[in-house]
Amino acid sequence: MLQYLTVPVTPFQQNCSIVWCDATLKAAVIDPGGDLDTLLGEVARLGLALEQIWLTHAHIDHAGGTGELAERLCLPIVGPHPGDQFWIDGLPQQSAMFGFPPAQPFTPTRWLHDGDSVQIGDETLQVRHCPGHTPGHVVFHAPQTGRAFVGDVLFAGSIGRTDFPQGNHQQLIDSITGRLWPMGDATVFIPGHGPESTFGRERASNPYVGGT
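The structure displayed is predicted, hence computed values, not measured ones.

(A) The arrangement of a nonpolar patch on the surface in detail. On the surface, F12, M97 and F98 cluster together into a nonpolar patch covering about 320 Å² of accessible area. Looking at where F98 falls in the secondary structure, it is placed in helix 5 (residues 91-98).

(B) Up close: the sheet that holds strand 5 (residues 77-78). The 5 strands lie next to each other as 1-2-3-4-5, forming an open sheet whose pairing is mixed. Strands with a single pairing partner mark the edges of an open sheet, and in this sheet they are strand 1 (2-9) and strand 5. Summarising the sheet, strand 1 and strand 2 (residues 14-21) pair through 8 bridges and their orientation is antiparallel. Bridging from a neighbouring strand, Q3 pairs with W20 of strand 2. Packing against the sheet, helix 1 (residues 36-45) makes contact with strand 1, strand 2, strand 3 (26-30) and strand 4 (49-54), and its axis sits at approximately 150 degrees to strand 1. Sheet strands in contact with helix 3 (residues 66-73) are strand 3, strand 4 and strand 5, and its direction is about 145 degrees off that of strand 4.

(C) Structural detail: the pairing of strand 12 (residues 188-191). The alternating pattern of strand 12 places V188 and I190 and F189 and P191 on opposite faces, both of which are buried. Summarising the sheet, strand 9 (residues 147-151) and strand 12 pair through 4 bridges and their orientation is parallel. Within strand 12, the residue paired with R147 across the bridge is V188. Pairing analysis gives 2 bridges linking strand 12 to strand 13 (residues 197-198), with the strands arranged antiparallel. Each bridged residue has a counterpart across the sheet, and for V188 the counterpart in strand 13 is T198.

(D) The arrangement of the packing of helix 1 against helix 3 in detail. It is the contact of helix 1 with helix 3, at a shortest axis distance of 11 Å, that shows an interaxial angle of 50 degrees. The orientation of helix 1 with respect to helix 3, classified from their angle, is oblique. Like other packed secondary-structure pairs, helix 1 and helix 3 cross with a definite hand, here right-handed. Together, L36, D37 and L40 of helix 1 and E68, L69, R72 and L73 of helix 3 make up the contact between the two elements. Across the contact of helix 1 with helix 3, the residue classes break down as 4 nonpolar, no polar and 3 charged.

(E) Representation of the pattern of salt bridges. Evaluation of the coordinates by the stated rule reveals 7 salt bridges. We note a salt bridge from R128 to D114, for which the minimum N-O separation is 2.7 Å. Placement of the pair is R128 in strand 7 (residues 123-129) and D114 in the loop between helix 5 and strand 6 (117-120), with a sequence separation of 14 residues. R128 sits in the partly exposed class, given a relative accessible area of 26%. Salt-bridge contacts for R203 lead to D185; the nearest nitrogen and oxygen are separated by 3.2 Å. Residue R203 is located in helix 7 (residues 199-205), and its partner D185 is located in the loop between helix 6 (169-180) and strand 12; the two are separated by 18 residues in the primary sequence. By relative accessible area, D185 is classed as partly exposed at 42%. Overlapping salt bridges, with partners in common, bring together D37, E68 and R72 in one network.

Calculation criteria
Residues numbered from 1 in each chain as written. Predicted model: local features only at pLDDT ≥ 70, side-chain atom pairs only at ≥ 80, totals over all residues. Heavy atoms only, no water. Patch = residues over 30% accessible without salt bridge, like charges linked within 9 Å, V, L, I, M, F, W, Y side chains within 5 Å. Areas by Shrake-Rupley, 256 points an atom, 1.4 Å probe, with all protein chains shown as cover. Salt bridge = Lys/Arg side-chain N within 4 Å of Asp/Glu carboxyl O. Helix = DSSP H or I, 4+ residues; strand = E, 2+ residues; numbered from the N terminus. Pairing = 2+ DSSP bridges. Contact = heavy atoms within 4.5 Å. Axes fitted to C-alpha atoms, helices over the stretch in contact; angles between N-to-C directions. Buried < 20%, exposed > 50% of the residue type's maximum accessible area, 1.4 Å probe, protein only. Parallel < 35°, antiparallel > 145°, perpendicular 65-115°, else oblique. Left-handed = near helix turned anticlockwise from the far one by under 90°. Nonpolar A, V, L, I, M, F, W, Y, C, P; charged D, E, K, R; others polar.

Coordinates in, geometry out; function isn't part of it.
Rendered as structure tokens:
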């Protein structure tokens, strides 16, 4: 069974998730934005073998620690979609702008596209391309456990910002309604910031996408 632990990192309290297969104890980390020693301490406490880095998108609070972590442990970087190449290229400028530690540039080992899948141990997650917050944003869906790791596409009671370069509000709404809602109302999602919620709850009450 797929297990996960969410660890808020960076001054932006970004929800970094450690996900693992409980049969093999092989693990991936989703969006290691920073605080790598904290993340690695949790990996060690859980007795996991960290094997991959998965990225939803390349904003600094989600991707800032990626290059250092990949180099330190020789880990492959999986994702995001190629649409976020310019955000990766700009990570050093992003880190300076927001007062983060200098971010190491990196090249993903594997870009992700809509309909792809990723695997850790015996567990497979489906990849959906959900642009709008950034053009290359992806989400990871684990239907076997009814969970989705959605980055900054959707939050409890809100949606991702679209005022950054190449953000697009209508595209974000289309991603939520066309790519997330079909995963089912009962699906629990882990957002990039704040508490978990369900797609059903957001469809009913979220002021931006309620009733869609």
